[in-house]
Amino acid sequence: MLRLPRFEFRVAGSASEAVAILAGEGPGTRLVAGGTDLWPNMKRRHQSARTVVSLMSIPELQGIVGNGGGEGELRIGATTCLADVAASATVRERYPALARAVDAISSPPLRNMGTLGGNLCLDTRCTYYNQTEEWRRSIDYCMKEAGSVCWVAPSSPRCWAHSASDSAPMLAALGGRVKLVSAAGERVLPVAELFANDGIDYLEKAADELLTEVLLPPESDSRHSKSSFWKLRRRGSIDFAVLSVAAWVRTDAAGVVEEARIYLGAVASAPLAATSAAAALLGEPLGEESIAEAARRARKAATPMDNTDFQVQWRGRMVELYTAAALREIAGLDPGVRAPRHLTVLSS
Amino acid sequence: MTEPRAALNLIGKPFRRVDGRAKVTGQTRFADDLTFPRMCFMRLHRSTVPHARIVEIHLEKAEKMPGVLGFLTGEDLPVSFGILPMSRDEHGLAVGKVRYVGDPVVAVAALTEEQAEAAARAVEIEYEPLATISSVEEALANPEPRIHEHGSGGNLHRKKSMIFGDLEQGFEEADVIFEDTLFYGGNTHLAMEQHASVAVPEDDERVTLYSSTQIPHYVHRALARVLELPASRVRVVACPNGGGFGGKSDIMNHEIVTAKMALVLGRPVKISLTREEVFYCHRGRHPMLMHLRTGFGKDGSLKAQHLKTALDGGAYSSYGVASTLYAGALQTATYELPRYRFDTLRAFTNKPPCGPKRGHGTPQPRFGYEVHLDKAAHALGIDPADLRLRNLAPAGLITANWLQLSSVGLGRCIEAVVEGSGWRRRYGKLPHGRGLGLACGAYICGVGLPLYRGEMPHSGVQLKLDRSGGVAVFCGQAEIGQGSDSVLAAIVAEVLGIELADIRLVVADTDLTPVEFGSYASRVTVMMGNAAYDGAQRARELIATAVAERFEVDSERLVFAESRVFDAEDPEKGLSFAAAVAIAETRFGTLGTTGSYRPPTPPGRFQGSGVGPSPTYSYSAAVIEVEVDPATGLFDVEHVWIAHDIGRCINPALVVGQVEGSVYMGLGEVMMEEQAFRRLPPRLSGALVHKTPSLLEYKSPTFRDVPPVTTYLIEEPDPAGPFGAKEVGQGPLLPIPPAAANAVFDAVGVRVDQVPIHPHMILRALEDKARGKEGRFGPAAFPDVDFPRNLIVPTPAEGGDGTALNDPRSQKQAGRQAAKEKPSAASAPV
Ligand SMILES: Cc1cc2nc3c(=O)[nH]c(=O)nc-3n(C[C@H](O)[C@H](O)[C@H](O)COP(=O)(O)OP(=O)(O)OC[C@H]3O[C@@H](n4cnc5c(N)ncnc54)[C@H](O)[C@@H]3O)c2cc1C
Ligand code: SF4
């Protein structure tokens, strides 16, 4: 059996206690929520910690609160488990694509343990990295941990491990924000700005910052905005995305696209803003042609690497098809590809 | 040994498995659940390089780690072992060199598992790297450096060619000849339970090994050999396995090393493998390249076939010699093939050793054959179901390669799935994207010959009965989840007319139970079942004799049912089973019986004829419906209809479970499973590693990914099996991969001639087709290999006698035979 290394385990009773511990203990301290990412990583020795601070006994980090009834901003506490997010009536009604994205994360037991905050802070992934210590020793490690070469792109100076969170591209597309708290104070960042396109330093969050909540803008439930989420993976459960497409489109009363955001997951080290793709949709009703153009542009923007499942060239092609599918779904057109079994029907 | 009495009490009805309650309530004690006083823990330091000479092993750092109790290296276990006596090329720990990433080099024992793990990690080894071989092609191109010194030269482990009958004549009689090259990727068993072993030293230089193994008997023999102890001082207990599928049917390094460590330290030692280590133990499906060339008459009749197979064997022999022969031996069991040539080779590569996985060596050529037939049917304009029905092997046939068939339920299987799936209405007529595919298979019900020479029984069972009315059954068979225990108990309960609850089983313990070869080759129900039937029948006779004397009736008239023994003519006249046993105990003294089984001598007598023969063969046919998305190449399997010729169900609930399990495993292989390897850029690194040795990344279908299965059980009792039963553990896997591939073709009109079928392959074939090229994705060609020294064996129809014309060994035997029984030595059977 793979076993955890020894470390000191502390349970914080409040957010301020958690950040105080982080500030006091310094580097070598990690936070844990559901542990579905951290524990396997520590067992495989690619993440380590002297002290681990659990966030699961902090009441203020849990739960979903709608400010101002059905209209206002929605706050989701960082340690709300994924199953609760996906099952929340408010989320399903106002952000159905988010419910779909969260419902497509991993498997039911992991959604019961895993949290939304943990999902956003999830480590980047790579098949050369998510392996045991012994395996990594046999390839002489890699740049992300203990080695000097990136085996995916040996002449590259950076790590290309991919962003694996399904909620991140969706929350970014919806214009969500996160609140970060540290001993020094607090700040609120757009979800899109939480990430950096670097496999190693993938978070803009400082090590001593605690993510306390996710805020969803009230306008996303306006009658003229719509969103969609498509995820590609090998199996109908358990698997991480090899590609996810999160799209959000707002039209005027006549149906002309005023604003659009498309974020791609698993094809870069951060949720990838396909800005030029989104721009292709502006100024006209969402239709066959603009969607096709946006999909082509999305494919160009994506840089899938050979560090996850499926043949890499094929994944590149799927970026176009899945981007089109997500947008076509928003437009009420046939998606053009068969919907995978793991995608729930969008309510509303 | 068909059931003599008409009415059966238990057999054929679904009953709860005897180990079911313990399993679902967590009471079953798997090997990893065992603990003993003073038990310590062992970990293996495995090679991190794929091929290298060991220059030096540094234990200095590891020795200083807390809790460390001792180390073993290859020097401590100089005696080699191997499941087949002709290829014992494994050691408990690497001696002199390592051959794959994962090859065990040093064993460390410590007070806790954490300490053992830390110490194993602190071991340092200096290697002198050697060039690596990663595929059959590379092995053919690079005879040096050799991975092993034995084999058929260079890096070839085995090369063999057998010609059954006048092949040229066969092809001459053909109106059309088709050729295909196909590839079947390697995959692994993925049993839920990771291997674990506990060794306990006993007084007087004895040792007991508790292990998750399918083959306690062979582990017992290997331990005695390697530990250089008399076999009588070694005891092996096979704990219930949390799944085996062939992955626990080889002697594993850790079993040998744990026993040695326990003897050296004088205290119990446990090892529990990680999932990654299980991927390194492997012994799974061989990657196999195949070439088929088959001649047909215009009417679809088979005239001759030439099959070539190339197996990527991994770093050790394992069952390789047998796997190589299984890669061709069963091609003849489904359809009557008058002439047949089979060339095969197995290469050594620097990867974990391949071996037997469910279907051992046969799913690959079966995939090749059934896809090849589908293509031929198209070309000939014959419905694929009809093409198969037209060529069905008749019951009792001795095939061109000298397999003695018994009952053949294949025709009924095909009819069942054709009917169930609406084949005649729907095949070839579904909308673009939807398709149906059909395929068949045959499998052995136990091996005709033991793995080592000898005429002793293959299966043995002992019964102990006494006045309590309880019956204890002792049998060496290992329960690996398939229901071995339930079959054993049911057969005894049926013969003696008692309830399952009155039977106590003592199984898989080489000290306490008679020799049983183990849970492999689908031999349990037929071989163990026959032995159990034999033993129970003898007990029944003893009781019947005593009771008949007491009641003064003919013992033939006695019925054993409902836990009573009574007169068939006058049911009131009788007594409880316990009272009947008491009478027998009074009459004969302490009661015990034995039963044993040895399969009939097979008709083939050429070198290599030991692989393929079986008391009988099971048959399966499947129709699969798929939905392919032509835009992405992704496909879903929508439904599986499968019919299995089971002879007779001992327990239909278990039979259906095995059928469905085989279907899902077969779907995994065709849809996604892949034991894939990765070489790093050679200018930067010599690494050659398993691509993803983890449960998350080695893709095996979840329940979301598999369709409903409709199962038809074809019951036609076979004289070779107990109550007419045949195997079901492996055969139903065989038709699944080819049926799925054939369904993809029906759906979108392109062929993927390899397994697993990835979406990019379908997409690529579709694009090629759209560009006017052949709509096919698959291997280009079979490597140019010379297969010299063909064994030439005349077929039964040609008047052969089962020997080869040019096999020195069989000629000698034939000479001796002819001298003994002059007149009819060469008479043509059938
Ligand atoms: C088999 C398997 C399949 C999976 N499949 C998917 C999938 O399909 N899609 C997907 O998106 N994810 C998947 N995951 C990843 C993971 O389960 C989820 O992302 C989950 O949401 C992580 O949440 P957690 O609470 O368990 O995180 P943890 O493991 O507790 O934490 C993850 C990281 O975030 C940090 N962290 C956690 N909470 C906070 C906080 N409030 N503030 C600051 N830092 C914090 C931790 O320090 C740690 O570094 C999978 C995981 C496994 C093991
Ligand atoms: S992308 Fe490169 S550096 Fe990053 S984890 Fe993978 S192999 Fe290592």
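What you see is a predicted model; the values in this text were computed from it and never measured.

Caption draft 1: A look at the side chain of histidine 157 of chain B. All names here are of chain B. Along the chain, the position of histidine 157 falls in strand β7 (residues 156-164). Judged by its relative accessible area of 1%, histidine 157 falls in the buried class. Within the structure, the side chain of histidine 157 is placed 3.2 Å from the side chain of serine 317, a separation counted as a polar contact. Residue contacts for histidine 157: discarding those within four places in its chain leaves Ser87, His150, Gly151, Ser152, Ser317, Gly320, Val321, Arg346, Ala347 and Phe348.

Caption draft 2: Main features of the packing of aromatic side chains. For the coordinates displayed, the defined rule picks out 20 aromatic pairs over all chains. Here the aromatic rings of phenylalanine 9 of chain A and tryptophan 39 of chain A are separated by 6.4 Å at their centres, their planes lie at 50°, and the arrangement is tilted. Here phenylalanine 9 of chain A is found in strand β1 (residues 8-11), whereas its partner tryptophan 39 of chain A is found in helix α2 (residues 38-43), with 30 residues between them in sequence. Since its relative accessible area comes to 22%, tryptophan 39 of chain A is described here as partly exposed. Considering the side-chain rings of phenylalanine 164 of chain B and tyrosine 340 of chain B, the 6.2 Å spacing of their centres and the 15° angle between planes classify their relative orientation as stacked. With phenylalanine 164 of chain B in strand β7 and tyrosine 340 of chain B in strand β15 (residues 340-347), this pair connects stretches of sequence that are 176 residues apart. The class of phenylalanine 164 of chain B is buried, set by a relative accessible area of 2%. An aromatic cluster is defined as three or more aromatic residues linked by ring pairs; in this entry it consists of Phe164, Tyr340, Phe342 and Phe606 of chain B. Positioned above the aromatic ring of tryptophan 248 of chain A, the side-chain terminus of arginine 261 of chain A is 4.1 Å from the ring centre.

Caption draft 3: The sheet that holds β7 of chain B, seen in detail. Residue and element names in this part refer to chain B. Reading across the sheet, the 7 strands line up as β30-β8-β13-β14-β15-β7-β32 and stay open at both edges, with mixed pairing between neighbours. Each having just a single partner strand, β30 (754-755) and β32 (791-793) make up the two edges of the open sheet. For strand β13 (residues 288-296) and strand β14 (residues 302-312), the ladder comprises 9 bridges, and the chain directions are antiparallel. Of the residues in β14, the one forming a bridge with methionine 290 is threonine 309. With respect to the sheet, helix α9 (residues 320-329) is in contact with β7, β13, β14 and β15, its orientation differing from that of β15 by roughly 145°.

Reading the values: the criteria
Residues numbered from 1 in each chain as written. Chains lettered and ligands numbered in written order. Predicted model: local features only at pLDDT ≥ 70, side-chain atom pairs only at ≥ 80, totals over all residues. Heavy atoms only, no water. Helix = DSSP H or I, 4+ residues; strand = E, 2+ residues; numbered from the N terminus. Buried < 20%, exposed > 50% of the residue type's maximum accessible area, 1.4 Å probe, protein only. Polar contact = N/O pair within 3.5 Å; in protein donor to acceptor, adjacent residues only side chain to side chain. Contact = heavy atoms within 4.5 Å. Phe/Tyr/Trp six-rings, centres within 6.5 Å; stacked < 30°, edge-to-face > 60°. Lys NZ or Arg CZ within 6 Å of the ring centre and 35° of its normal. Pairing = 2+ DSSP bridges. Axes fitted to C-alpha atoms, helices over the stretch in contact; angles between N-to-C directions.

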